[in-house]
Amino acid sequence: MAPHTSTTQAVPPQGGPDPSSSGRARARPAGADGTGRRPLGPGWFAAVMGTGIVAVAAATLPRTLPGLRPAATVVWAAAGLLLIVLAVRYLGQRRLRVHAGDPLLAQFLGAPPMALLTVGAGTLLLGPRLLGERVALDVDRVLWSAGTVLGLASACAVPCLMVTRHRFTPDAASGGWLLPVVPPIVSAATGALLVPRTPAGQPRLALLLGCYAMLGLGLVAVLLVLAMVYSRLVHHEAPSGAAVPTVWIGVGALDQAVTALGALAKAAPSTLPAPYARGSAVAALLGGLGIWGFALLWLVLALTLTVREVRRGLPFAPTWWSFIFPLGACVTGTSAIAARTGSEPFVWSAVALYVLLVAAWVVVGWHSLRHAAGLRRRAGGPPAHKAS
C-alpha cells in the first residue's frame, strides 16, 4: 500500500466523502455511505464538545447569574442528545478503518472520546436535578470510562499510525495534530470530579494517580506537537482558509491542563497524605499560572491568524467548532485559578470569556445548522440527469 501524503493546506472533508486508500472506497459514489447520505466525519463530534463545554463552563464559573444554571442544563441536555445522534450515525457507517487510514481524518478521532467526557462531566455537574444523584453518577462513570479508553487508544494509535503508515511533508504540522493527544488531559480533568465519589482506599487512590499520569501523558505530547506547529508557522506559510481555526486547539489543550491541575488539587486531600496534597495545591497554582500564561501567548497568536483570515473572507467549515472548545477551556482554566486565588481580575476574566464563549457558540451553531440544512437539500434534490 502506497503511503499517504498530507499537507496543512488540505482540510478534512468532515461533511463530505472521506478519502480512502482502497480502490473499493474510491469507486463508491461521491457523498454516499451506502444509505444515500453523505458520510459523517469524526470531526463533527467537536460540535458535541463545544456545546457541552458551554454547559460545563457555566457550572464552574466563579460568578453566576439567576437562570444561568437552568439554561446550562438545557444546553447540556442538547449536547447529550446530539452525542447520541452522532454516535448512532457514525457507528452505523462502519468507516473507522477508513478514517484511521487517512492522515487527515485520523487526527479527528480524538473528538469522539472528548465528546463523551464533556457530556459526562456535564451529567455530574448539572444532571442530578433531572436524573437524580445516583443515576447521574452512574451515567458519568460509564461515559468517563468509555471516553478514557477511546481517548487513550487515540493518543497511542494515531501517533503510531503517523510514524509507521502516514507520510507528511515538512510543512504538514497543524493544530489538528493535537486532537488525538488531548483526550487524556480531558480525562484527567473530568476524572477528578469522580475521585471524591469513588470508594476510599485503593480504588480512589488508583483513580487519582491514573488521572495525574494521563495529565502528564497528554501535556508532554501537547508540548511536543505545539513545538512542531510553531516551527511550521515560522518556517513555512501560515495556514489559511478553514484550517485556521485548528490553531486554537493549542489554547484549549493548555487551558485544559490548567483545569485538570486545579481539579486534581481539589480532589487530592481526600486521597493523598497531607504533604503531597499540599504539593498538588502548589502545582495547581504555580504550574497552572505558568501554563495559563503560555496559553495566553498561543491565544494571541491564534487570534492574530484568525483576524487576518477573516479580513480575507474565512469560509465556514466544521473546523469552526475548533473555536468553541478552546474558548470553553479558557473559561474553566481561568475559573480554576480564580477559585484558588480569589483574584478579582481572574474572576471577571472568566466571566468575560464566558460571554465571548456563548456568543461564539451561537454564531458557529447557527452556521452549522445552515450548513447541515444545505447538505440535506442537496442530498434530497432530483438526480442530476433529471434536473434541467
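In short, a report on the structure. Bear in mind the structure is a predicted one, so any value in this text is a computation, not a measurement. (Residues numbered from 1 in each chain as written. Predicted model: local features only at pLDDT ≥ 70, side-chain atom pairs only at ≥ 80, totals over all residues. Heavy atoms only, no water.)

1. Remarks on the overall build of the protein chain
And then number 1: Check the secondary structure of the protein chain and you find 13 helices and two strands.
And then number 2: A burial count over the protein chain gives 52% of its 388 residues as buried.
And then number 3: A separation of at least 24 residues holds for 83% of the contacts in the protein chain among residues at least 6 apart in sequence.
And then number 4: On the protein chain, roughly 17500 Å² of surface is accessible, and the fraction owed to carbon and sulfur atoms is 69%. (Helix = DSSP H or I, 4+ residues; strand = E, 2+ residues; numbered from the N terminus. Buried < 20%, exposed > 50% of the residue type's maximum accessible area, 1.4 Å probe, protein only. Contact = heavy atoms within 4.5 Å. Areas by Shrake-Rupley, 256 points an atom, 1.4 Å probe, with all protein chains shown as cover.)

2. Some thoughts on a nonpolar patch on the surface
And then number 1: A surface patch of nonpolar side chains, about 310 Å² in accessible area, is lined by Leu130, Leu131, Val135 and Val139.
And then number 2: Looking at the nonpolar patch, the elements that each hand over two or more residues are helix H6 (128-131) and helix H7 (133-164).
And then number 3: Along the chain, Leu130 turns up in helix H6.
And then number 4: What makes Leu130 exposed here is its relative accessible area of 58%. (Patch = residues over 30% accessible without salt bridge, like charges linked within 9 Å, V, L, I, M, F, W, Y side chains within 5 Å. Salt bridge = Lys/Arg side-chain N within 4 Å of Asp/Glu carboxyl O.)

3. Section: the pattern of salt bridges
And then number 1: Scanning the model with the defined rule gives four salt bridges in all.
And then number 2: The residue Arg63 makes a salt bridge to Glu344 at a minimum N-O spacing of 3.1 Å. Of the two residues, Arg63 sits in the loop between helix H2 (46-60) and helix H3 (68-93) while Glu344 sits in helix H13 (residues 344-380), which places them 281 residues apart along the sequence.
And then number 3: Two residues, Glu309 and Arg312, come together in a salt bridge whose shortest N-O distance is 3.7 Å. Of this pair, Glu309 and Arg312 both sit in helix H11 (residues 274-312), separated by three residues, roughly a single helical turn.
And then number 4: Beyond isolated ion pairs, a larger network of salt bridges with shared partners links Arg134, Asp138 and Arg141.

4. Here's the deal with H2
And then number 1: An ideal rise of 1.5 Å per residue puts 21 Å on 15 residues; H2 measures up with 21 Å between its terminal C-alpha atoms.
And then number 2: Along H2, 13 of the 15 residues are buried, which leaves the element largely enclosed by surrounding structure. (Expected span 1.5 Å × (residues − 1).)

5. Comments concerning the nonpolar core
And then number 1: One finds Leu215, Val222, Ile324, Tyr354 and Leu357 to be the most contacted residues of the largest nonpolar core, which totals 107 residues.
And then number 2: Apart from the residues within four sequence positions on either side, Tyr354 is in contact with Val54, Ala57, Ala58, Leu61, Leu68 and Val331. (Core = buried A, V, L, I, M, F, W, Y, C linked by side-chain atoms within 4.5 Å.)

6. Describing the packing of helix H8 (residues 183-191) against helix H9 (residues 202-235)
And then number 1: Running from N to C, H8 and H9 point in directions that differ by 150 degrees, and their axes come no closer than 7 Å. Like other packed secondary-structure pairs, H8 and H9 cross with a definite hand, here left-handed. On H9, the residues touching Pro184, Ile185, Ser187, Ala188 and Gly191 of H8 are Leu207, Cys211, Met214, Leu215, Leu217, Gly218, Leu219 and Val222.
And then number 2: Tallied by class, residues from the contact of H8 with H9 come to 10 nonpolar, three polar and no charged. (Axes fitted to C-alpha atoms, helices over the stretch in contact; angles between N-to-C directions. Left-handed = near helix turned anticlockwise from the far one by under 90°. Nonpolar A, V, L, I, M, F, W, Y, C, P; charged D, E, K, R; others polar.)

7. Re the packing of helix H10 (residues 249-267) against H11
And then number 1: Interaxial distance between H10 and H11 falls to 9 Å at its minimum, and their mutual angle equals 165 degrees. By the angle class used here, H10 and H11 are roughly antiparallel. The handedness of the crossing between H10 and H11 is left-handed. Contact with H10, carried on its side by Gly250, Val251, Leu254, Asp255, Ala257, Val258, Leu261, Gly262 and Ala265, involves Ser280, Ala281, Ala283, Ala284, Gly287, Gly288, Ile291, Trp292, Phe294, Ala295, Trp298 and Leu299 of H11 and no other residues of that element. (Parallel < 35°, antiparallel > 145°, perpendicular 65-115°, else oblique.)

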